[in-house]
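Read off the chains here:
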Amino acid sequence: MTYQETINYLYQQLPVFHRIGKKAFKANLHNTLAICNHLGNPQEKFKSIHIAGTNGKGSTSHFLAAILQSAGYKTGLYTSPHLKSFTERIRINGQPIPEEEVISYVTDNQVFLEDLKPSFFEMSVGMAFEYFAKQQVDIAVIEVGLGGRLDSTNVINPELSVITNISFDHTDILGDTLPQIAGEKAGIIKKNTPVVISEFQKETKDVFLLKAQEENAKIYFAEEDFEIKSSVNNGTSLELEISKKRTGTIKTLVSQLTGSYQSKNILGVLKSVEILNEQGFNISEEAVCQGIEKVVSITGLKGRWQVLSEKPLMICDTAHNLSGITEILSSIAKVKYSQLWMILGFVSDKNIDGILTMLPKEANYIFCQANVPRALEAKLLQAKAESYALKGEVIEEVNKAIAFVKGKCSDDDLIYVGGSTFVVADIDEL
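For the structure given in this document, a descriptive report is provided here. Starting afresh in each chain, residues are numbered from 1 along the sequence in its written order. At least 70 in pLDDT is required for a residue's local features to be given in this predicted model, at least 80 for side-chain atom pairs to be given and counted, and no such filter applies to totals for whole chains, interfaces and linings, which use all residues. The basis for the side-chain values is all heavy atoms of the structure; hydrogens and waters are excluded.

A side chain of one charge can pair with a side chain of the opposite charge if their charged atoms are brought near each other. For salt bridges, the criterion is a side-chain nitrogen of Lys or Arg within 4 Å of an Asp or Glu carboxyl oxygen. If you walk through the whole model with that rule in mind, you get 15 salt bridges. A salt bridge links K229 to E227, with the shortest nitrogen-to-oxygen separation between them at 3.7 Å. Partly exposed residues are those whose accessible area sits between 20% and 50% of the maximum for their type, while under 20% is buried and over 50% is exposed, using a 1.4 Å probe and protein chains only. Overall, the relative accessible area of 47% leaves K229 in the partly exposed class. Judged by relative accessible area, which is 34%, E227 ranks as partly exposed. Notably, a salt bridge pairs D349 with R374, separated by 3.1 Å at the nearest N-O pair. Remark: R374 occurs in the loop between β15 (364–367) and α16 (378–386) and D349 occurs in the loop between β14 (340–344) and α15 (353–358); sequence separation between them is 25 residues. Take R374: its relative accessible area is 7%, and that puts it in the buried class. Ionic contacts of the salt-bridge type, sharing partners, join the residues D225, K244, R246, K271 and E274 into one network. Put simply, DSSP H or I for four residues or longer makes a helix, DSSP E for two residues or longer makes a strand, and each gets a number counted from the N terminus.

This is the structure we're talking about:
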């Protein structure tokens, strides 16, 4: 099979969460353990860091991978979902897994996979672990797909666990209260393994403390050690002054990711680096500064407050839940513009009422839908939005929507494209 035939085959054979949603989620680790066992347990052959959270886990994963790579470590990075190519999910030192490796993994294990019938995600986790082991990475940064306790990635025994943020998302699977959701994320806390909590939240603190106590795991709340003194977004970078509380020393960091929410992620990253150095890693201040300042260039990250054009200013972001969109609106409020245009699409299995309540009524809306089966029909989104006094037009295909808006707006307007990871993935200019 060619690479494209291989990917098409996998989509046809295996349930794919980003396409069909909850039906593809396997609420146990049976298949992943079976795959790992079949492959000779590659997850035991490299060191790892495990990262969970509702928002921020992707950015945090990329920050840590960029820092470790800058410090000279051969660094694996596993993230999901992909935006343009499946190979984005599995990287070493910023380079995606070669297409030939994807083909050979599927060809070599085809009979086993057809017999087991894992999900697409379970299959890809096995592929990542085998590739990282084969390439003898020094360390791999592994991002949880969904939740934590029952996520396929939760078969590793990492050097460090990181939990970024808890908010409402996938409530039909993870629970509909913050403590319930935190309980699922806390499932990545392992015996005698330190855990960093990037963002302190009163409602979830006790859940993490209890799980850490059960596992005899040292727990660190990053905000107890570090504090943001100032944060300035100059359009192309985010400049942060961060104080270390114990010593009072202040360091200045420049982040290539400019969303205001990155300040919370970076505190967790700094605490993580501190712990890794205590464990015997050698990560210099220079490596930290470079990894944060050049995270996009080093790792190839896309879709996080990404500037697609300057005049007009057009930004896309993969934020897709209440907490994420709240942060986006906070970032938009800091931008000077004449008119705001919002090109939005969502998935159909998500409760978006809370998001629609918050969106600015004075903005110009274009309702679109991503090219995946889970997409909410643009006409249904328009009708739902109108009940919240949000008025706009339907242009189903996101690139046609962008062309339409660019034809109508002025150079000093702001265009925002988002609502769903899959809307962002469909953007040609990404």
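Here the narrative resumes, following the displayed structure.
What follows covers the pairing of β15. Two strands form a pair only when DSSP identifies at least two bridges running between them. Alignment of β14 against β15, held across four bridges, turns out to be parallel. The residue bridging M342 from the neighbouring strand is Y365, located in β15. With its strands directed away from the observer, a crossover is right-handed exactly when the path from the first strand over the helix to the second travels clockwise. What joins β14 to β15 is α15, and the crossover it makes is right-handed. For β15 and strand β16 (residues 392–394), the ladder comprises three bridges, and the chain directions are parallel. Pairing of Y365 across the sheet is with G392, part of β16. In terms of handedness, the path from β15 via α16 over to β16 forms a crossover that is right-handed.

The next subject is the packing of helix α3 (residues 30–38) against helix α6 (residues 120–134). In a pair of packed helices, the angle between the axes and the distance between the axes together describe the arrangement. α6 packs onto α3 with a crossing angle of 35° between their chain directions and a minimal axis gap of 9 Å. For the crossing formed where α3 meets α6, the hand is right-handed. Here α3 contributes N31, T32, I35 and C36 to the contact with α6, which in turn contributes E122, M123, V125, G126 and F129. Looking at the contact of α3 with α6 residue by residue, the class counts come to five nonpolar, three polar and one charged. Comment: axis = line fitted to C-alpha atoms, over the contacting stretch for helices; angle = value between 0 and 180 degrees taken between N-to-C directions. If you view the pair so one helix is near and one far, a crossing is left-handed when the near helix is turned anticlockwise from the far one by less than a right angle, and right-handed when it is turned clockwise. By definition, residues are in contact when any of their heavy atoms lie within 4.5 Å. Asp, Glu, Lys and Arg are counted as charged, while Ala, Val, Leu, Ile, Met, Phe, Trp, Tyr, Cys and Pro are counted as nonpolar; the rest, among them Gly, fall into the polar class.

Okay, unusual backbone geometry next. Here the residue pair S80 and P81 is connected by a cis peptide bond, since its omega of -10° sits within 30 degrees of zero. Relative to the elements of secondary structure, P81 occurs in the loop between β2 (75–78) and β3 (90–92). In this model, K311 is joined to P312 through a cis peptide bond whose omega is 0°. Following the sequence through the fold, P312 ends up in the loop between β12 (306–309) and β13 (313–316). Even without glycine at this site, Q136 takes up a positive phi of about 55°. On the accessibility criterion, Q136 (63% relative accessible area) is exposed. Here the phi dihedral of N192 falls at roughly 55°; this positive angle occurs in a residue that is not glycine.

The next subject is the environment of L210. Looking at where L210 falls in the secondary structure, it is placed in helix α9 (residues 202–214). Residues L210 and G183 lie 27 residues apart in sequence; the distance between their C-alpha atoms is 9.9 Å.

Remember that the coordinates give geometry; whether it matters functionally is a separate question.
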